[in-house]
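Coordinates in review
What follows is the residue order along each chain.
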Amino acid sequence: MDSELALRKSKTGIEGFDELTLGGLPTGRPTLVCGSAGCGKTLFASTFLLNGARDYDEPGIFVTFEERPVDIVDNVASLGFAIEDLIAANKLHIEHIAIAPAELAEIGEYDLEGLFLRLELAVAEIGAKRIVLDTIETLFSSFQNPAILRAEIRRLFDWLKEHDLTAVITGERGDGTLTRQGLEEYVSDCVILLDHRVHNQISTRRLRVVKYRGSAHGTNEYPFLIDQEGFSVLPVSALGLNHKVFDSRIASGIADLDAMLANGGFHRGSSILVSGVAGSGKSSVAACFANAACARGERAIYFSFEESAAQTIRNMTSIGLDLGKWIDNGQLRYVAARPTFYSLEMHLAVMLREITRFRPDLVVLDPISAFIGLGERLEIQAMLLRMVDFLKTHGITAIFSHLMHSQDGATETDAGLSSLMDAWILLLNREVGGEFNRELYLLKARGMAHSNQVREFVMGNDGIHLVAPYIGGGRALTGSARTAEEARERRAEAERRIKADRITDAIEQRRRKVRAQIEALESDLAADEAELRRTAKLESDYLAQAQADQVAMEKSRRI
Amino acid sequence: MVENVNPITPAEPTKLVLYVAGQTPKSVSAIENLERICAEHLPGRYRIEVVDLRKSPQLAREHNIIAIPTLVRELPTPIRKIIGDLSDSEKVLVHLKIGD
């Protein structure tokens, strides 16, 4: 066939699919969409056609071999397409090819020229660029001569190419073949396989581009979703490590926690794991992060796998967080989904879609341990790795909470995620002296100096506070043990002080007593000295008198 | 066969519409075959209308014609359809419930 250098492509308008195929389906060529019953073939085809007619100015023809036009109108109306308006505006035509084999007899040679004439007429009427044949295999049960049919189908595909119609042909999956009647033989340009698998009672729809001649395309199986917003393919591509790196810090909403990190707060765009046993306050920490982000004027998404929005809002009011306010003003999006609602892959895909649409600055997954049981350990790890990669690539800060069942050996999470995380906040709930006390420890904080202390984690109606623990006597105490220890120490201190005072007093008294004694002795001494002086004076007086007397006596004898 | 009881009353002539597309060999032989069969087995009690869908393709949509040639017995009701070039007269008669 002719090989074009630049393959023209027509956008399907299906979210994710155009990215996956680098632009959509091959223009002017037929594409086979095959899959088992109920896998979404018709929906894929109609979305392609309706988007083309509505958004890309490419009128389309829906050739239905099975459903009545009225059913098709109803089916797509639920997806928000006003199909009647498109029909009225000559942008869409539904051609119903109904065959009742019972009233039909085949005698001799025939062909399907009638079909061609009808298609030609429809194409001419609206200037169609797109066409859907849903599903042409029905013809095989209506006509008995397969040789004629095959020749005519081959002619039909050539006709489609001649008319430069971008066509989607649906086909039911056969045993070991893509389609029951081997339609893939005729369509060599593009083949898309839709699949619908149930694993552990959870169904997942998957899409795979089996073949796309002349074009690069994603070769993986991609989950896709059919919901009220229609058909969306969710490319979950493995990205390289080209993450955005930020030096700026963001506050966690817990001032005491930020203070445990040098320079305050966590790096923007980092992935933070909050793990702990039941009731250790994981969700509260996560909610603080979300609340702080909204308070800064940023946007946040809270994915909850255990609680409903109303429940979380009520619970967080008890620690002084008003999340309802942020949800109301559109800064916070709360997405609650049961883990068993989707398969693992679908969960990831849905989350990525939400994130892509909402463009948040911060994402909370509460808790990731809810996924355990949905898949193998490796699968969960791979899924979370893709999640972390995606968030980092977009510079989104992520908070993952994780429920641990045991505090022993707490340095390993069940999902084996620790190595993916930039920071790890470990929450403990330990029994000491008949009471449980919550504790918080920063197990890891990449690229940031951080406190090595275990802090007591106290939730009050004004938020979360981290109390420095009692450190002394070679141990750290928390809770009432800390309070008791502090009180005991205060009492001991008081006693010691009283004792010291008493000793000081006693010494002072003794000193005063001795001083009194010294004074008494000194006065005795002074009395003695006075006596001594008086005695000496008497002596000298006596001696002087005696001398004088002697002199007088001598004088008298001479005479 | 002609002597057999004819289920169609004379008041209700057989109305046959043959859809063709241009002058293709299949179309031409279908017309010839039909005219021959009717002349032989329903003398004077039939009406044939040949519709060329190439000229009026909207009739294909209206009457839900896919295969060419298609012979439709519109009257008497119910409608019966035969596709093909009508090369087997016996079969044609059986399916048109003529000459039972």
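Residues numbered from 1 in each chain as written. Chains lettered and ligands numbered in written order. Predicted model: local features only at pLDDT ≥ 70, side-chain atom pairs only at ≥ 80, totals over all residues. Heavy atoms only, no water.

**Some details on the packing of aromatic side chains**
Residues and elements named next belong to chain A. Summed over all chains, the structure comprises ten aromatic pairs over all chains. Look at F17 and F44: their rings are 5.1 Å apart centre to centre, the planes differ by 80°, and that puts the pair in the edge-to-face class. With a gap of 27 residues between them, F17 in helix α1 (residues 17-20) and F44 in helix α2 (residues 41-55) connect regions that are remote in the sequence. Looking at F17, the relative accessible area reads 0%, which means it is buried. Residue classification places F44 among the buried positions, given a relative accessible area of 0%. Ring centres 5.9 Å apart and planes at 20° place the aromatic pair F157 and Y186 in the stacked group. Residue F157 is located in helix α7 (residues 146-162), and its partner Y186 is located in the loop between β8 (166-172) and β9 (190-199); the two are separated by 29 residues in the primary sequence. Cluster of aromatic residues (ring-pair linked, three or more members): F17, F44, F224 and F231. (Phe/Tyr/Trp six-rings, centres within 6.5 Å; stacked < 30°, edge-to-face > 60°. Helix = DSSP H or I, 4+ residues; strand = E, 2+ residues; numbered from the N terminus. Buried < 20%, exposed > 50% of the residue type's maximum accessible area, 1.4 Å probe, protein only.)

**Side note on helix α5 (residues 113-126) of chain A**
For α5 of chain A, spanning 14 residues, the distance from its first C-alpha to its last is 20 Å, which sits close to the expected 20 Å at 1.5 Å a residue. Within α5 of chain A, eleven of the 14 residues are buried, which leaves it mostly tucked inside the rest of the structure. Of the residues making up α5 of chain A, those classed as buried are E113, G114, L115, F116, L117, R118, L119, L121, A122, V123 and I126 of chain A. In this fold, the buried residues of α5 of chain A make contact with β4 (60-64), β5 (92-96), β7 (130-134) and α7 of chain A together with α2 (58-63) of chain B. Downstream of α5 of chain A by a residue or two, G127 of chain A has a phi angle that is positive, lying close to 65°. (Expected span 1.5 Å × (residues − 1). Contact = heavy atoms within 4.5 Å.)

**Details of the pattern of salt bridges**
This model, assessed by the stated rule, comprises 33 salt bridges over all chains. Residue E95 of chain A is joined to R118 of chain A by a salt bridge in which the shortest nitrogen-to-oxygen separation is 2.8 Å. On the criterion of sequence distance, the pair formed by E95 of chain A in strand β5 and R118 of chain A in helix α5 is long-range, its members being 23 residues apart. Exposure class is identical for E95 of chain A and R118 of chain A. Each is buried. Among the charged side chains, a network of salt bridges with common partners joins E95, R118 and E125 of chain A together with R61 of chain B. (Salt bridge = Lys/Arg side-chain N within 4 Å of Asp/Glu carboxyl O.)

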